[in-house]
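Next come the chains, spelled out residue by residue.
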Amino acid sequence: MAVEAFLQALQNFRDLDLLLFMFVGSIIGIVFGLIPAIGSLTAMALIIPFTFMMPPMNAIPLLLALTSGAITAGSITSILLNIPGTGVNVATLIDGFPMNQKGQAGRALGAALVSSGMGGVFSVFLAFAIIPLVLPMVMALRSADMVFVILLGITFIGVLGTGSTLKGLISGGIGLLISFIGYQASTGASRFTFGANYLYDGIPLLPVILGIFGLPEMITLAAKGGAIAKAGANVKGVRDIFEGGKDVFRHFFLWMRSTILGYIIGIVPGVGASVAQFVAYGQARQTSRHPQKFGTGTVEGVIAPESANNAVQGGALLTMLALGIPGSPDTAILLGALLLMNVIPGPQMMTAQLDLSLTLLLIVIGANIIAASVCLILAPNLAKVAYIPGRILVPLVIAIIFIGAYVHRESLNDVVVTIAFGIVGLAMRNFGFSRPSLLLGLILGTLFEHYLFLALAASGPLFFVRPISLVLIVISIAAIFQGQIRGLFGNRFRRQAKTYETKG
Amino acid sequence: MKLKGSSYCYIGVMGIAAAVIILALPMESLKPKLLPLILGGIVFVLSAAGLWRDLFVQNNKPDGETKKDVDSEVADARLGGYLAIGVWIAGFFLAIYLVGFTIATLLFVLAYIKAHGAKWLTAIIFTIITLAVVYGVFEVVLKMSLYKGLFFAF
Amino acid sequence: MRTRIRTILIACLGLVVTGVLLAGCAAPAPTPTPAPAPKPAPTTAPAPATTPKPPAPAPPATPKPTPPPAPAPVSAAEFYRNNPATIYVGYGAGGGADYATRTFASFWKEVTGGTMVAKNMEGASGMALANWMYKTAKPDGLTIGLLYSGASLTGPVLFAKSGVEFDLQKFIYIGSFYQDMPGLAISTKLPYTSLDELRKVKGLKIGTVALRDINALAAALAIEFLGLQDARIVAGYSGTPEMFLAVGRGEIDAVSYTAATILRERGAGTGYFKPIWVVMAEQRSPAFPDAPTLGELVKISPSDAPLLELLSAMASYPVIFAPPGVPQDRVEFLRATFDKMFSNETFVQQMKKNFPVWTKPVSGVNETKNIERVLKVSKVDIDRGNALIDKYSR
């Protein structure tokens, strides 16, 4: 039956309209991914009204491809301007932007785009392979286990960026504290809002991202003069891009690990790509032989998050189809659109309507290939942004940051938040506090609280006495102390472990 | 025993953590205040440790951090540059508040590029490009209404 | 020299592009800027949540908005044709309310000729949206919201100890989709079939989304009156998708939720639930006509009857509402559109796909009366209900 469904899906794929809308979707996604500050979410929300008039088999490819396009292209501004194109390309800038400053923008772009495209495609093959396993996997996880899935993400707070572990932890802690601003989800009580309406809904993520990453870079550029890339770097254009693509194959196992990791996080409802990117980055650093190079512009730091964030889509799509539960904000919007087109997600999507599910997965493959190819063609020219003099780049980018912060919710307060976090970000940048850690804390804080209280309510204070939870606890501990653990296993790694400890 | 930039950061963070704890303590039920209290405490202790290390253990610092501090000293030397761009940004925001995004963007981009020694032509070209993107993408294609400014709100 | 020419060419190109864009913008009918009606004192403290006493003289069914400073030069119909509207749903994507909202938005064009976008604003089980609509949303009639009234409007106002920052009577009600009552549905993992069997089980976990709403009250009353031993309420799920999944995962044993939503979940084929087992209201639910009401299962003493009446008064339905202060002609238009929508056969068909049992929609005027009925419930009964929720949620 599965073979029949697959053949039917391929048959669907011969529809010219479907291909056309897939292509159009990818292009729209790329455009939105390339404009810093408007992510795929905004793009989807804007496109959805138009999709109502289309037949489902035009609208669904359009929306699916749009997400793939935006996530793929979103890495470009992360690398070039230190401004993530979408919320899921943040981890890419930790190493992508330093590479750009070293004059390796082309190489970073090549690596990011190739790992993105391949990650997106491979995740769908993973999806094909484990369709029967998705339901049991999702059903096995309870709120208690989710607490430790989130905790595993929190353990990576200390290792993002170049500063010391202590500074990383403090930054992450501040991020967690900021996430508590606003109402508390289970009781509705408002915290730290000082009576301000604006703060009731919490500090919005997008202005924070624009503020702590984008503004400080532009401010520094303006204060120091020159261009983003340091003078004297030699650029080889297309050859740089090609080199970056080859890097993905040099680190093939890292790429595969990150893709699988992203895919699994995608399957788990309620976590999503914004966490997957950091987990992928963290594991890349923790398993690397030279963790001290991370954060200074190493290509592995680009490959890991970029392959993971595209891989999330395949996983999240599958969960959404099988259970009607979106695994990421993008799939949440897609789910709304599917419902309107009378595609009702549920277990039958894995049985009676398997062909439709497979068609959707094939669309993800197609869109990823289109998006990566188009971006690769554009990349050599885009990479030249690094050499635009600051006096011209700074006003343009600052204007776009401000407008991006505004249009998200049409609120001038968001622009004020952007400026405030710009100042915070500048201090953090200059004194070696890790900005990605702060963001990770901000993303995970309320999630952690939500699952913690659910687990307590459902299973009492001993909620963690479950096999899956205990395994996750062990993994978290191993992730924290991996340096020491490695030290125990023979002398070969001892030296690296030592450098790691001091570098944190 | 000299206070450095990062020391001020640690002190600031300690202040924030203390404020969180003070604000959270009087909350009625346990649920909303549990995690802020725990985390506020942890962050306070961590930043106190950081301050301690800054003040008394200066010599044992890892290399990476020394490099960063040198970097920030270089930054201090260019304080004037930071102040200048700060004034530009503040001015831009004020302009947005008063006359709206479209005109403020026009003024900001044009003035900034011109003030940094470019020819009029270059300044005008880039202003037009920015405006085309701002106006074209946001207002025309996306049909979003950008903020019109205090002067034009009536 | 050559570079100079090139820059001039680029400049011309830029001018042409801007010109085209400007022309493109000017071509469609110039959209009149909506005259923003001032919000009637948005900063005044809302009625304290614990004492929702309606003012002695019954207020008119529709609160009179202050007239806008500049009279709108266009009719409401034209206004909605020219300006895109937004409907916010207070829950995440994937639930029944989300579906209803998106269906409503997608038929908006057919009925009015304008556009409407559906957006999710989740948080605090819908209270975030209610507070936002009251305090921040522009009362220009272009922003409306959808919430389950018993779960997110009347529930928090009657029971919540903090977080309510809106005044139920000031909202403008456009209409509600259907009326339905909460019921108790038990996981297919449990073997029990009769009340006697269920009474022997210890520590049954009943899930609800919010702790201070109609469904939590229904769960508390079920535990109290059916005499379930050591049963307790597990609240705090982000929405029905997460809560239903928790039943499937075996994290909780039962849920207390709107009968129509549970019917929909069973229709989706997940197989998490048995049919609703007891309806927590005075009459049976059309969604599960075979399920007995609480009163049919056990004898309710006259002193307990008001609690059940309270449940019926709050009976939960998805209601569309607007922030206070929307100009009267736009309110009339919105209400007329709502009624028109339900005479559209395709719209009703589309809704029935997800809510197989369809009761009549409630008009905006009647919905306002419903809300007032809830606010008349006596404080003693509310306190008793709240005490029961407290008792079974620890």
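What you see is a predicted model; the values in this text were computed from it and never measured.

Novice: Would you explain the pattern of salt bridges in this entry?
Specialist: Counting across every chain of the model gives 16 salt bridges over all chains. The closest approach of N and O atoms between A:Asp247 and A:Arg250, which form a salt bridge, is 2.4 Å. With A:Asp247 and A:Arg250 both in helix H11 (residues 238-250), this residue pair falls three residues apart, about one helical turn. With its nearest N and O atoms 3.9 Å apart, the salt bridge here joins C:Asp196 to C:Arg199. Placement of both C:Asp196 and C:Arg199 in helix H6 (residues 195-200) is noted, with a separation of three residues, approximately one turn of the helix. A cluster of three or more residues bridged by salt bridges with shared partners is formed by A:Arg107, A:Glu243, A:Asp247 and A:Arg250.

Novice: What's the story with a nonpolar patch on the surface in this structure? I'm lost.
Specialist: Residues and elements named next belong to chain B. Taken together, the side chains of Tyr97, Ile103, Leu106, Leu107, Leu150, Phe151 and Phe152 present a nonpolar region at the surface, about 640 Å² in accessible area. The topology assignment puts Tyr97 in helix H4 (residues 79-115). The partly exposed category is assigned to Tyr97, whose relative accessible area is 36%.

Novice: I keep staring at helix H18 (residues 412-430) of chain A and nothing clicks. Help me out?
Specialist: Turn by turn, an α-helix covers 3.6 residues, leaving residues three or four places apart pointing in a common direction. Residues and elements named next belong to chain A. Here H18 is 19 residues long and its end C-alpha atoms lie 27 Å apart, about the 27 Å a rise of 1.5 Å per residue gives. Where H18 begins, the capping side chain belongs to Ser411, and its oxygen is found 3.2 Å from the backbone nitrogen of Asn413. Phi turns positive one or two residues past the end of H18, at Gly432, with a value near 75°.

Novice: Any chance you could explain the nonpolar core here in plain terms?
Specialist: By size, the foremost hydrophobic cluster in this structure holds 149 residues, and its most contacted members are C:Phe104, C:Phe166 and C:Phe177. Here this core gets 11 residues from one element, more than from any other, and that element is helix H16 (residues 354-382) of chain A. Residues lining this core come from more than one domain, with at least three contributed by each of domain 1 (76-180 + 316-377) and domain 2 (182-312 + 389-393) of chain C. In this structure C:Phe104 touches C:Ile87, C:Met116, C:Ile144, C:Phe177, C:Ile320, C:Phe338, C:Met341 and C:Phe347, once residues within four positions along its chain are discounted. The next biggest cluster of nonpolar side chains, apart from the first, holds 83 residues, and it includes A:Leu166, A:Leu176, A:Ala276 and B:Ala24.

Novice: How should the sheet that holds strand E5 (residues 182-186) of chain C be read in this particular structure?
Specialist: By way of backbone hydrogen bonds, the strands of a sheet pair with one another, either parallel or antiparallel. Residues and elements named next belong to chain C. The mixed open sheet is built from five strands, whose spatial order is E7-E6-E8-E5-E9. Each edge of the sheet is formed by a strand with only one pairing partner; in this case those strands are strand E7 (232-235) and strand E9 (278-279). As judged from the two bridges shared by E5 and E9, these two strands associate in the antiparallel manner. Directly across from Gly183, in E9, lies its bridge partner Val279.

Novice: What's the story with the environment of A:Asp201 in this structure? I'm lost.
Specialist: Residue and element names in this part refer to chain A. As for its placement among the helices and strands, Asp201 is situated in the loop between helix H9 (197-200) and helix H10 (205-224). According to the relative accessible area criterion, Asp201 is partly exposed, its value standing at 36%. Between the alpha carbons of Asp201 and Gln184 there is a distance of 9.5 Å; along the sequence they are 17 residues apart. Aside from chain neighbours lying at most four places away, what touches Asp201 is Tyr183 and Arg409.

Conventions used here
- Residues numbered from 1 in each chain as written.
- Chains lettered and ligands numbered in written order.
- Predicted model: local features only at pLDDT ≥ 70, side-chain atom pairs only at ≥ 80, totals over all residues.
- Heavy atoms only, no water.
- Salt bridge = Lys/Arg side-chain N within 4 Å of Asp/Glu carboxyl O.
- Helix = DSSP H or I, 4+ residues; strand = E, 2+ residues; numbered from the N terminus.
- Patch = residues over 30% accessible without salt bridge, like charges linked within 9 Å, V, L, I, M, F, W, Y side chains within 5 Å.
- Areas by Shrake-Rupley, 256 points an atom, 1.4 Å probe, with all protein chains shown as cover.
- Buried < 20%, exposed > 50% of the residue type's maximum accessible area, 1.4 Å probe, protein only.
- Expected span 1.5 Å × (residues − 1).
- Polar contact = N/O pair within 3.5 Å; in protein donor to acceptor, adjacent residues only side chain to side chain.
- Core = buried A, V, L, I, M, F, W, Y, C linked by side-chain atoms within 4.5 Å.
- Domains from an automatic or database assignment.
- Contact = heavy atoms within 4.5 Å.
- Pairing = 2+ DSSP bridges.

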